[in-house]
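# Reading the structure
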Amino acid sequence: MAAPTAVAGRNRADARAEAMARLRQRVRLPLVAVPAGGLVGILGSYLYWTLSPVRVEGVPLTGRLADYGIGGVRTWSLLLALAVLVYGALVLRARSRNATQGEALARLGIGLAVLPVVWALTLVMFLDVEVGRLGPGPWVTAAGGLLAWLGARGLLAAEPAPAAEPWARRSMLVDLAVVVVAELVAFGVFLLGIEIDDPGEFLGFFIALTAIAATLSTIGVFKGLAGPFARNEGVAIALLAVLLLLFPFTQEGNTFWIQVTAQAGLFVLAALGLNIVVGSAGLLDLGYVAFFGIGAYVAALTGNALLTNVNFHLPFLLVVFIVAPVVAAIFGVLLGAPTLRLRGDYLAIVTLGFGEIVRITLNNLDPITRGPNGISSIPDPVVGGWSMGEGFTVAGFEISGNSVYFYLLLALIALTLATIYRLNDSRIGRAWVAVREDEVAAAAMGINTTIIKLLAFGAGAWFAGMAGAVNAHLLTQVSPDSYTFPFSVLILAMVVLGGLGNPPGVVLGAIILTFLPEKLREFSDIRFLVFGFALILIMRFRPEGLLPSARRRRELHATGETAAAESQQLFDVRSGT
Amino acid sequence: MDEFVQQLANGVTKGSYYALIALGYTMVYGIIQLINFAHGEVFMLGAFIGLWTFNLGVTAFGWGSTSLVALVVVLLMATLLTPLIGVSLERFAYRPLRNAPRLAPLITALGASFALQQLVAVFYSRGQLAFPDLFPNTSFQIGGANIQLLWVFMVALALLLTFTLTAFIRTTRLGKAMRATAEDPDTARLMGINVDMIIALTFIIGSALAGIGGVLAGMYLGQVNFFMGFIAGLKAFTAAVLGGIGNIAGAVLGAFLLGILETFGAAYLGGEWQDVFAFGVLILVLVFRPTGLLGERVAA
């Protein structure tokens with residue numbers, strides 16, 4: 001169903017755009033509504049948000065929400081309202097205005113409107129706060145956001161600004177300063193996010209952050225940053241490494257978030273591996289967790305666990321770098337060899353079935369895997385007589401066992417990223433892309449598509465096996481229940497959210513989807529519900545993910561006839577056998 | 001021998017509700033080449049709608065179990081409400097992506113499956129809920145095996161619906177339009193067929209069948225839970241592939257075969273390997289005969 005449906009789709013899109021334009025004409029407030037909305041938002045943030053203090057598990061929501069003033073969630077609505085006021089006033093006073101500014105303002109406005117509403121809904125739905133106990137603050141703030149949004153929409157009819165370009169080089173020093181400041185800000189925001197304990201406040205923080213990031217992206221700041229970063233890659237990576245190495249010291253002996261970060265590192269590893277299969281080679285693998293599980297069981301069986309049926313020990317480094325990845329990759333190839341000639345969607349089902357088979361087998365092979373009980377009391381890895389769980393001391397600084405895992409994962413991720421970038425630039429990496437785009441053409445160019453797809457499967461499984469092996473030691477136990485289908489979907493969601501095919505995006509996706517559920521534990525009931533809807537919404541509105549690869553962005557936002565036709569072809573996985 | 005007949009009867013009964021789910025998979029795949037992952041969830045929702053209707057009837061009209069009125073109303077409600085879910089899925093999740101890369105609707109379908117499961121889990125119940133015996137609880141003996149009347153009813157209903165569906169697709173104008181759309185949507189559109197409407201109709205019919213299947217499965221298993229649709233859906237998909245996806249007779253044949261194979265596999269290899277068995281069949285079929293037993297013949 002190529003051309004006619006595409007044309008029909010475009011006509012519909014045109015009709016919708018026209019209808020939107022008409023609507024815009026009708027509800028068109030003067031631009032002054034934007035800073036006015038900001039002022040209302042500031043007022044709303046200072047009003048009281050609840051009539052009496054709210055406690056979550058006995059801990060009061062921070063920021064004395066029952067008084068006038070700020071603090072807690074109101075800090076973040078105030079921040080957004082200030083951004084609306086300042087940026088709105090700047091645009092109002094500017095000599096020439098464009099639609100891009102309107103869009104940026106609209107995003108800030110939506111953020112300001114959504115923040116208090118989501119916060120209120122969450123309190124009402126999950127913390128059993130009656131609607132009557134909410135103060136006027138959230139509603140006034142939301143009204144301000146709405147006002148700003150409506151005002152910003154008037155600008156959308158103007159000409160859009162020219163597409164943003166990476167910032168040109170002014171001087172060495174400016175470039176360096178930009179890189180350093182950007183990284184410090186990002187790191188600071190991360191630490192701040194960890195610092196916020198109160199779930200209501202975190203929600204506000206997260207929404208404000210999202211709105212501000214969306215705004216910065218609209219006005220081209222991220223695109224601009226690409227310039228200085230590209231010119232100072234070495235410095236950027238070195239600084240990032242230093243900041244990450246320093247991260248455990250910012251936690252003042254509290255190891256919980258270090259452990260969560262280590263867990264995030266595991267997900268990053270696994271997601272990077274899945275990204276090779278789904279992102280680079282375009283093969284949807286829904287049983288990916290099986291390879292993770294296999295790696296974990298290999299490490300558990302050879303890791304000197306207390307409660308195990310197998311007493312066979314191998315050195316940890318050998319297991320992590322060789323045995324677990326190799327075993328997982330062998331299974332990957334075993335699964336891939338017969339099935340890779342299947343069409344894309346059949347492959348998805350077969351891999352799903354394979355994932356279930358592995359889980360059920362682990363569950364039933366009592367003599368080796370101890371069945372549903374799993375293998376537990378897996379000790380910390382010992383390297384050359386030193387147990388990683390003990391930690392170590394450097395220049396008077398205690399480094400805890402959790403931090404050691406964190407560092408280990410940092411190293412593994414760095415290694416993996418280096419490998420992946422080298423792979424993507426190699427013959428194999430190009431062949432993956434070629435196979436993804438058009439298998440027949442790739443085969444005609446002399447690529448052995450079966451071998452290439454097998455390599456993708458094997459490589460993906462390799463990194464999953466590696467991550468699984470560390471996971472077994474980090475959690476000190478493995479059981480079949482940990483490696484179920486939702487886990488596969490979670491990793492897939494990380495890849496899709498971050499940006500299919502783009503390693504930095506995948507890293508970001510994995511970090512967000514590890515920390516968010518951890519931060520919003522109070523609402524863990526609806527975690528998978530949110531994941532489900534998030535997958536639908538991302539595919540609908542931002543299929544390229546948060547940080548898309550350049551190629552995919554071009555494909556998904558191609559304009560004009562030729563580009564549309566081209567992207568049709570490029571993507572049709574069906575054109576395989 | 002008794003044992004054999006007993007297992008056969010069990011397998012055929014299981015096959016009857018697999019068949020009702022598989023029909024939806026196969027029709028949707030036949031028309032838009034999409035594996036509707038959320039279809040198993042429609043089946044699960046059918047069971048929950050049945051349970052909800054029954055509970056409503058108990059409070060409003062004092063229904064007891066084994067009431068035929070209740071059975072008919074419950075089946076009707078499931079038939080009428082599940083298409084709403086199917087059509088909303090199509091309208092809001094799949095239709096906007098019809099021209100998107102192939103991976104996109106697949107991931108959306110996965111998300112929809114998750115979302116529907118969790119909607120039930122969060123807003124209805126996470127537990128195992130008992131499903132009432134709506135059908136008279138009588139049984140009889142054949143060849144030393146104990147056969148429940150419910151089982152006969154299930155198989156008969158599944159076959160009846162299949163024949164009705166086949167007749168509908170073969171003889172009516174709408175059926176013809178469906179076949180045309182499955183063959184080539186663009187040409188069908190040029191011939192004046194409202195392709196969007198036909199696709200929606202496919203989802204309506206598929207969902208209604210799955211909804212009925214859900215009620216039947218609820219009665220057969222005696223309990224329902226929010227994740228029952230996942231495995232059942234996978235198995236129905238296996239059945240559809242086994243018979244030849246896109247092929248209605250194939251889906252039903254595949255479902256009964258899979259039901260029987262699975263029951264015997266469980267009986268002789270041990271119940272804990274039952275699911276491995278089903279997925280093993282899927283992989284073997286896809287590897288050695290990806291077009292299925294009856295071949296990929298689109299609709300009818």
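Residues numbered from 1 in each chain as written. Chains lettered and ligands numbered in written order. Predicted model: local features only at pLDDT ≥ 70, side-chain atom pairs only at ≥ 80, totals over all residues. Heavy atoms only, no water.

## A short note on the overall build of chain A
The helix and strand inventory of chain A stands at 23 helices and six strands. Relative to the globule expectation of 25 Å for 577 residues, the C-alpha radius of gyration of chain A, 26 Å, shows essentially globular dimensions. Along the first, second and third principal axes, the C-alpha atoms of chain A reach 75 × 60 × 50 Å. When burial is assessed residue by residue, chain A has 50% of its 577 residues classed as buried. A sequence separation of at least 24 residues applies to 78% of the contacts in chain A between residues at least 6 apart. Counting every atom, chain A has about 25,700 Å² of accessible surface; 66% of that belongs to carbon and sulfur. (Helix = DSSP H or I, 4+ residues; strand = E, 2+ residues; numbered from the N terminus. Rg over C-alpha atoms; globule rule 2.2 N^0.38 Å. Buried < 20%, exposed > 50% of the residue type's maximum accessible area, 1.4 Å probe, protein only. Contact = heavy atoms within 4.5 Å. Areas by Shrake-Rupley, 256 points an atom, 1.4 Å probe, with all protein chains shown as cover.)

## Side note on the pairing of strand β3 (residues 145-148) of chain B
Residues and elements named next belong to chain B. Residues of β3 alternate between two faces, with Ala145 and Ile147 buried on one and Asn146 and Gln148 left unburied on the opposite face. One ladder, built from four bridges, connects strand β2 (residues 139-142) with β3; its direction is antiparallel. The partner of Ile142 across the bridge, within β3, is Ala145. What sits between the antiparallel neighbours β2 and β3 is a turn of two residues, in which Gly143 has the positive phi angle 50 degrees. (Pairing = 2+ DSSP bridges.)

## Things to note about the interface of chain A and chain B
Interfaces are often described in size by the accessible area the parts lose on coming together. In this complex, chain A contributes 50 residues to the contact, which on the side of chain B involves 50 residues. Carbon and sulfur atoms make up 76% of the area that chain A and chain B hide from each other, which totals about 4,600 Å². Taken together, the connections running from chain A to chain B amount to zero salt bridges. At the junction of chain A with chain B, the criterion picks out zero residue pairs in polar contact (both at pLDDT 80 or more). (Buried area = accessible area lost by both parts, 1.4 Å probe. Salt bridge = Lys/Arg side-chain N within 4 Å of Asp/Glu carboxyl O. Polar contact = N/O pair within 3.5 Å; in protein donor to acceptor, adjacent residues only side chain to side chain.)

## Quick notes on the side chain of Ser16 of chain B
Residue and element names in this part refer to chain B. Within the fold, Ser16 resides in helix α1 (residues 2-32). Accessibility expressed as a relative area gives 0% for Ser16, which makes it buried. There is a polar contact of 2.5 Å between the side chain of Ser16 and the backbone oxygen of Thr13. Sequence-distant contacts of Ser16, that is, excluding residues within four places in its chain, are made with Met154, Val155, Ala158 and Phe256.

## Concerning unusual backbone geometry
Backbone geometry places Thr476 of chain A, a non-glycine residue, at a positive phi of 60 degrees. By the element assignment, Thr476 of chain A lies in the loop between α18 (449-475) and α19 (485-498). Phi at Gln33 of chain B takes a positive value of approximately 50 degrees, unusual for a residue other than glycine. Among the structural elements, Gln33 of chain B can be located in the loop between α1 and α2 (39-61).

## A word on a nonpolar patch on the surface
There is a patch of nonpolar side chains on the surface, built from Val117, Leu121, Met125, Val131, Trp139, Phe533, Leu537 and Phe541 of chain A together with Leu119 and Phe123 of chain B and spanning about 970 Å² of accessible area. Sorting the residues of the nonpolar patch by element identifies α4 (99-126) and α21 (527-541) of chain A together with α4 (103-123) of chain B as the ones contributing at least two each. Using a relative accessible area of 53% as the deciding quantity, one classes Phe123 of chain B as exposed. (Patch = residues over 30% accessible without salt bridge, like charges linked within 9 Å, V, L, I, M, F, W, Y side chains within 5 Å.)

## Side note on the confidence of the model for chain A
Averaged over all residues, the pLDDT of chain A equals 83, while 90% of them reach at least 70. The low-confidence segment residues 559-577 of chain A, where pLDDT is below 50, has 29 contacts with residues more than four positions distant or belonging to other chains. (pLDDT = per-residue confidence, 0-100.)

## Examining the nonpolar core
If you look at the biggest cluster of nonpolar residues, it comprises 222 residues, and the most contacted ones within it are Leu286, Phe291, Val478 and Leu492 of chain A together with Tyr94 and Met219 of chain B. The element best represented in this core is helix α10 (residues 256-280) of chain A, accounting for 16 residues. Beyond its immediate sequence surroundings of up to four residues, Met219 of chain B is in contact with Leu71, Phe131, Pro132, Leu134, Phe135 and Leu150 of chain B. Leu78, Ala104, Leu155 and Ile196 of chain A belong to the second-largest nonpolar core, a separate cluster that totals 42 residues. (Core = buried A, V, L, I, M, F, W, Y, C linked by side-chain atoms within 4.5 Å.)

## Overview of the packing of α1 of chain B against helix α5 (residues 149-171) of chain B
Residues and elements named next belong to chain B. Packing of α1 against α5 brings their axes to within 9 Å, and their N-to-C directions diverge by 30 degrees. On the basis of the axis angle, α1 is roughly parallel to α5. Viewed along their axes, α1 and α5 form a crossing whose handedness is left-handed. Taking contact as the criterion, the partners of Gln6, Ala9, Asn10, Val12, Thr13, Ser16, Tyr17, Leu20, Leu23 and Met27 in α1 are, on α5, Trp151, Met154, Val155, Ala158, Leu161, Thr162 and Leu165. (Axes fitted to C-alpha atoms, helices over the stretch in contact; angles between N-to-C directions. Parallel < 35°, antiparallel > 145°, perpendicular 65-115°, else oblique. Left-handed = near helix turned anticlockwise from the far one by under 90°.)

## Focus: the packing of aromatic side chains
For any pair of aromatic rings, the description rests on two quantities: the centre-to-centre distance and the angle between the ring planes. A complete count under the given rule lists 30 aromatic pairs over all chains for this structure. Ring centres 6.3 Å apart and planes at 15 degrees place the aromatic pair Phe202 of chain A and Phe206 of chain A in the stacked group. Here Phe202 of chain A pairs with Phe206 of chain A, and both are found in helix α7 (residues 199-218), just four residues apart, close to one helical turn. You can call Phe206 of chain A partly exposed: its relative accessible area is 28%. When the centroid spacing of 5.9 Å and the interplanar angle of 40 degrees are considered together, the rings of Tyr94 of chain B and Phe203 of chain B count as tilted. Within this pair, whereas Tyr94 of chain B is found in helix α3 (residues 68-94), its partner Phe203 of chain B is found in helix α8 (residues 195-221), the two being separated by 109 residues in sequence. Phe203 of chain B matches Tyr94 of chain B in its accessibility class, with the two residues each being buried. Members of the aromatic cluster, connected to one another through ring pairs, are Phe190, Phe247, Phe256, Trp257, Phe406, Tyr407 and Phe515 of chain A. Arg540 of chain A extends its terminal NZ or CZ atom over the ring of Phe541 of chain A, reaching a point 5.0 Å from the ring centre. Over the face of the ring belonging to Phe92 of chain B we find Arg91 of chain B, whose NZ or CZ atom lies 5.8 Å from the ring centre. (Phe/Tyr/Trp six-rings, centres within 6.5 Å; stacked < 30°, edge-to-face > 60°. Lys NZ or Arg CZ within 6 Å of the ring centre and 35° of its normal.)

## Let's talk about helix α5 (residues 137-153) of chain A
Across its 17 residues, α5 of chain A extends 25 Å between first and last C-alpha, which sits within 8% of the 24 Å expected from 1.5 Å per residue. For α5 of chain A, the complete set of buried residues consists of Gly137, Pro138, Thr141, Ala142, Gly144, Gly145, Ala148, Gly151, Ala152 and Arg153 of chain A. (Expected span 1.5 Å × (residues − 1).)

## Looking at α5 of chain B
Residue and element names in this part refer to chain B. For α5, with 23 residues, the first-to-last C-alpha span of 33 Å sits near the 33 Å given by 1.5 Å per residue. Of the residues making up α5, those classed as buried are Leu150, Trp151, Met154, Val155, Leu157, Ala158, Thr162, Leu165, Thr166 and Ile169. Those residues of α5 that are buried lie in contact with α1, α3, β3, α6 (173-183), α8 and α10 (248-269).

## Comments concerning the pattern of salt bridges
All names here are of chain A. Applying the stated criterion to the full structure yields 10 salt bridges over all chains. Its salt-bridge partner being Arg231, residue Asp175 comes within 2.6 Å of it at the nearest N-O pair. Placement of Asp175 in helix α6 (residues 172-195) and of Arg231 in helix α8 (residues 221-231) is noted, with a sequence separation of 56 residues between them. Using a relative accessible area of 3% as the deciding quantity, one classes Asp175 as buried.

## Topic: the domain arrangement of chain A
All names here are of chain A. Looking at the assigned domains, one finds that chain A contains domain 1 (23-167 + 198-216) and domain 2 (253-546). The C-alpha-based centres of domain 1 and domain 2 are spaced at 38 Å. The interface is formed by nine residues belonging to domain 1 together with six residues belonging to domain 2. Across the domain 1 to domain 2 interface the summed buried area is about 760 Å²; carbon plus sulfur atoms make up 90%. On the domain 1 side of the interface with domain 2, the three residues burying the most area are Phe126, Pro199 and Phe202, jointly 59% of the side's total. Counting every contact that joins domain 1 to domain 2 gives zero salt bridges. (Domains from an automatic or database assignment.)

## Remarks on the packing of α2 of chain B against α8 of chain B
Residue and element names in this part refer to chain B. α8 packs onto α2 with a crossing angle of 55 degrees between their chain directions and a minimal axis gap of 7 Å. By the angle between their directions, the pair α2 and α8 is classed as oblique. Of the two possible hands of crossing, α2 and α8 adopt the one that is right-handed. Contacts from His39, Val42, Phe43, Gly46, Ala47 and Gly50 of α2 reach α8 at Gly206, Ser207, Ala210, Gly211, Gly213, Gly214, Val215 and Ala217. Taken together, the residues of the contact of α2 with α8 sort by class into six nonpolar, eight polar and no charged. (Nonpolar A, V, L, I, M, F, W, Y, C, P; charged D, E, K, R; others polar.)

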